[in-house]
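# Architecture at a glance
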Amino acid sequence: MSEKDAFFNHIIEGNTNKGDYITLGSAMLAGETVKNAFVNVPLKTMNRHGLIAGATGTGKTKTLQVLAENLSNKGIPVLLMDIKGDLSGLAQPSPGHPKIDERHNLIGLPFEAKSFPVEILTLSEQNGVRLRATVSEFGPVLLSRILDLSEVQSGIVAVIFKYCDDNKLPLLDLKDFKKILQFATQEGKEEFEDAYGRISTASTGAILRKVVELEQQGADLFFGETSFEVDDLLRVDNNGRGYINIIRLTDIQDRPKLFSTFMLSLLAEIYSTFPEQGDSDRPELIMFIDEAHLIFNEASKALLNQIESIVKLIRSKGVGLYFVTQNPTDVPEAVLSQLGLKVQHALRAFTAKDRKAIKLTAQNYPDTEYYDTAQILTTLGTGEALVSALNEKGRPTPLAATMMRAPMSRMDILSDTELKSLLSNSKLVKKYNETIDRESAYELLNKKIEIAEAEEAKEKAKEEREALKRAETKSKSRTTTRRRSTAMNPVVKVLTSATFIRSVFGILNKVMKK
């Protein structure tokens with residue numbers, strides 16, 4: 001048996017599945033595509049998470065597009081983080097191209113141009129379905145981790161939430177949270193001290209500064225109502241195809257704090273909302289996080305721990321997370337060790353550091369007699385990748401340098417007219433794009449302060465009137481006393497008169513002469 005035949009059998013045997021699967025392309029040997037040596041990923045293990053990595057321009061985004069399309073075809077909804085703004089073309093079919101036909105002929109797969117059901121979402125004021133969440137939904141623990149607070153400051157945030165729960169004060173947006181922070185050390189200081197102990201103004205000031213920093217990255221647009229319901233990510237169209245939900249993030253590349261906040265909020269909400277799936281034959285939802293380094297590079301240690309915990313636990317909910325980044329080293333080792341599917345496009349070795357990174361990357365893949373993994377990582381062409389997945393029993397599939405299939409949808413963005421048409425037919429736009437600012441902690445606390453100030457003013461006015469009345473009474477009393485003291489008694493008046501005194505002296509003079 002020739003080496004090519006042995007390799008073909010090796011790939012076919014390792015990629016045969018009993019259940020449903022997705023075909024990524026055909027395996028390559030010695031730089032040539034081996035026709036019909038299909039590299040498959042079973043749906044059963046797609047909730048084991050994954051990584052799509054490679055240098056700029058090697059085809060990562062097209063691989064993401066291929067996975068999203070095929071998942072949608074299988075009725076599995078997808079959520080994409082579109083950092084670069086080049087994924088909206090999924091809503092339109094590919095115009096086709098001779099090079100696409102040539103590629104698919106080498107692979108052994110027929111090419112079919114298709115459009116897919118797409119929903120455009122946004123965190124900011126861009127066109128799309130607005131994604132929001134309330135401060136209350138975050139809870140004190142998650143909010144403290146996002147703000148990177150100390151233990152003492154986190155305790156204060158917990159007290160704030162407890163006070164709002166006890167007093168039925170809805171915490172909807174950051175305006176509410178800032179107001180209650182100020183109230184705790186000003187107008188409501190005594191009330192807080194009586195119920196929860198003393199709260200330091202220095203600590204609330206530090207928390208307030210962290211909130212302002214988050215606001216400056218646009219978080220005030222994210223916090224509020226109407227809250228997005230994560231069940232709306234699980235929709236399928238009338239043909240049974242899963243919706244591809246694309247979150248437009250082109251305007252938050254320089255705001256990693258907001259990106260991390262949103263991601264952690266979404267993952268936490270999905271984990272708390274979705275039911276346990278157990279060992280299911282297919283995932284409920286697949287999420288692709290493009291430019292994943294934006295999450296990990298700016299995240300605090302507490303935030304990283306939270307992400308790592310959710311990555312480990314969310315698999316049981318039938319949710320798979322796929323990180324898309326340039327270098328696998330961008331992803332923390334604790335997360336990298338949890339990833340089942342790895343699609344590694346070419347890496348470039350320009351420096352000693354690059355060469356070291358390539359050697360480390362090669363060690364993440366199964367050993368194979370058919371490739372020098374470190375060497376082939378630098379020689380892969382555009383649209384080619386090393387693929388290693390988990391089979392239905394959870395074992396790694398044979399490592400295969402793969403000629404990746406082309407996307408069925410447009411490899412370009414939608415025009416403004418096409419985007420407008422897509423949004424005008426969206427049911428979710430009508431549901432979520434109305435801004436609601438109902439009575440919440442900010443308004444209720446202002447009312448409480450106004451009532452307290454009115455009562456205080458009323459009490460002060462009463463005290464002033466009583467003081468004035470007392471002063472008037474005292475003044476009258478003094479006047480009466482003076483009048484009494486200055487009104488001379490008639491007897492005293494006679495005794496002190498000059499006539500009486502002369503008479504007395506005359507009598508005394510006569511007595512003394514005798």
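Residues numbered from 1 in each chain as written. Predicted model: local features only at pLDDT ≥ 70, side-chain atom pairs only at ≥ 80, totals over all residues. Heavy atoms only, no water.

## Describing the overall build of the protein
Helix and strand content of the protein: 20 helices and 12 strands. The buried share among the 514 residues of the protein stands at 48%. Pairs at least 24 residues apart make up 76% of the contacts formed inside the protein by residues separated by at least 6 positions. When the accessible area of the protein is evaluated, it comes to approximately 25,900 Å², of which 50% is carbon and sulfur surface. (Helix = DSSP H or I, 4+ residues; strand = E, 2+ residues; numbered from the N terminus. Buried < 20%, exposed > 50% of the residue type's maximum accessible area, 1.4 Å probe, protein only. Contact = heavy atoms within 4.5 Å. Areas by Shrake-Rupley, 256 points an atom, 1.4 Å probe, with all protein chains shown as cover.)

## So, the nonpolar core
One finds Met81, Phe177, Met287 and Phe323 to be the most contacted residues of the largest nonpolar core, which totals 135 residues. With 8 residues, helix H10 (residues 256–273) is the largest single contributor of residues to this core. Excluding its chain neighbours within four sequence positions, the residues that come into contact with phenylalanine 323 are Gly50, Leu51, Ile52, Ile289, Ala292, Phe296, Val311, Val331, Val335 and Leu339. (Core = buried A, V, L, I, M, F, W, Y, C linked by side-chain atoms within 4.5 Å.)

## Looking at helix H5 (residues 151–166)
Counted at 1.5 Å a residue, the expected span for H5 with its 16 residues is 22 Å, and the 23 Å between its end C-alpha atoms agrees. Listed as buried for H5 are Gln153, Ile156, Val157, Ile160, Phe161, Tyr163 and Cys164. Burial along H5 is one-sided: seen end-on, the buried residues are contained in an arc of 160°. Every exposed residue of H5 that faces more than 90 degrees away from the buried side is listed here: Glu151, Val152 and Asp165. Downstream of H5 by one or two residues, lysine 168 has phi in the positive range, about 55°. (Expected span 1.5 Å × (residues − 1). Arc of directions from axis to C-beta.)

## Observations regarding the pairing of strand E3 (residues 50–53)
Along E3, one buried face is formed by Gly50 and Ile52 and the opposite face, lined by Leu51 and Ala53, is buried too. Sheet analysis places E3 next to strand E9 (residues 319–325), joined by 4 bridges and oriented parallel. In the strand pairing of E9, alanine 53 is matched with threonine 325. (Pairing = 2+ DSSP bridges.)

## Topic: the pattern of salt bridges
Any two side chains of opposite charge can pair if their charged atoms end up close together. Tallied over the entire structure, the rule returns 12 salt bridges. Between lysine 74 and aspartate 20 there is a salt bridge, with the nearest N and O atoms lying 3.0 Å from each other. With lysine 74 in the loop between helix H2 (60–73) and strand E4 (78–82) and aspartate 20 in the loop between helix H1 (3–14) and strand E1 (21–29), this pair connects stretches of sequence that are 54 residues apart. For aspartate 20, a relative accessible area of 39% gives the class partly exposed. (Salt bridge = Lys/Arg side-chain N within 4 Å of Asp/Glu carboxyl O.)

## Regarding the packing of H5 against helix H8 (residues 201–216)
Relative orientation of the contacting elements H5 and H8 amounts to 85°, with a least axis distance of 10 Å. Here H8 runs roughly perpendicular to H5, going by the angle between their axes. On H8, the residues touching Val152, Gln153, Ile156 and Val157 of H5 are Ser203, Thr204, Ala206 and Ile207. When the residues that make up the contact of H5 with H8 are grouped by side-chain class, the tally is 5 nonpolar, 3 polar and no charged. (Axes fitted to C-alpha atoms, helices over the stretch in contact; angles between N-to-C directions. Parallel < 35°, antiparallel > 145°, perpendicular 65-115°, else oblique. Nonpolar A, V, L, I, M, F, W, Y, C, P; charged D, E, K, R; others polar.)

## What about the sheet that holds strand E8 (residues 285–290)?
Ordered by their spatial adjacency, 12 strands build an open sheet running E2-E1-E12-E11-E10-E3-E9-E8-E4-E7-E5-E6, and the pairing between neighbours is mixed. Taken across any chain shown, the strands that pair with only one partner, and hence form the sheet edges, are strand E2 (32–42) and strand E6 (129–130). Examined bridge by bridge, E1 and E2 share 7 bridges and lie antiparallel to one another. In the strand pairing of E2, tyrosine 21 is matched with proline 42.

## Focus: the side chain of serine 203
Residue position: serine 203 is located in helix H8. The residues touching serine 203, leaving out its near neighbours within four places in the chain, are Val152, Gln153 and Ile156.

## Let's talk about the pairing of E9
Here E9 lies mainly inside the structure; 7 of its 7 residues are buried. Here 6 bridges tie E8 to E9, and the two strands are oriented parallel to one another. Residue pairing in the sheet places leucine 285 in a bridge with valine 319 of E9.

## Structural notes on empty space enclosed by the protein
The tally for this structure, following the rule as stated, stands at 2 cavities of 30 Å³ or more. Space inside the largest cavity adds up to approximately 40 Å³. Lining the largest cavity, in full, are Ser260, Met263, Leu264, Leu267, Ile289, Ile295, Ile307 and Phe323. As a volume, the second largest cavity reaches approximately 30 Å³. Around the second largest cavity, the lining residues are Val41, Thr45, Met46, His49, Tyr322, Gly340, Leu341, Ala389 and Leu390. Among the residues forming the lining of the second largest cavity, the class breakdown is 6 nonpolar, 3 polar and no charged. (1 Å grid on protein atoms, 1.4 Å probe; cavity = no way out; pocket = protein on both sides within 12 Å on 5 of 7 lines; lining within 4 Å. Points joined across faces, edges and corners; volume = space filled by probe spheres on them.)

## So, the packing of H5 against helix H6 (residues 174–185)
It is at 11 Å that the axes of H5 and H6 come closest, and there the two elements cross at 100°. One way to sum up the angle between H5 and H6 is to call them roughly perpendicular. Two secondary-structure elements touch here, H5 through Val157, Ile160, Phe161, Tyr163 and Cys164 and H6 through Phe177, Ile180, Leu181, Phe183 and Ala184. Of the residues in the contact of H5 with H6, the class split is 10 nonpolar, no polar and no charged.

## Some points on the layout of surface pockets
Considering only enclosed or pocket space, the largest pocket measures out at about 330 Å³ in volume. Around the largest pocket, the lining is made up of 17 residues, and of these Arg103, Thr382, Gly383, Met404 and Ala406 lie nearest the centre. Sorting the residues of the lining of the largest pocket by element identifies H2, helix H3 (98–107) and strand E12 (400–404) as the ones contributing at least two each. Sort the elements by how many residues they give to the lining of the largest pocket and H3 lands first, with 5 residues. Partitioned by chemical class, the residues of the lining of the largest pocket number 8 nonpolar, 4 polar and 5 charged.

## A closer look at unusual backbone geometry
A cis amide bond links glutamate 225 to the next residue, threonine 226, at an omega of 10°. Mapped onto the fold, threonine 226 is located in the loop between helix H9 (219–222) and strand E7 (244–248). Phi at histidine 49 takes a positive value of approximately 70°, unusual for a residue other than glycine. Along the chain, the position of histidine 49 falls in the loop between E2 and E3. Although it is not a glycine, aspartate 148 sits at a positive phi angle of roughly 55°. Relative to the helices and strands, aspartate 148 resides in the loop between helix H4 (135–147) and H5. Judged by its relative accessible area of 39%, aspartate 148 falls in the partly exposed class.

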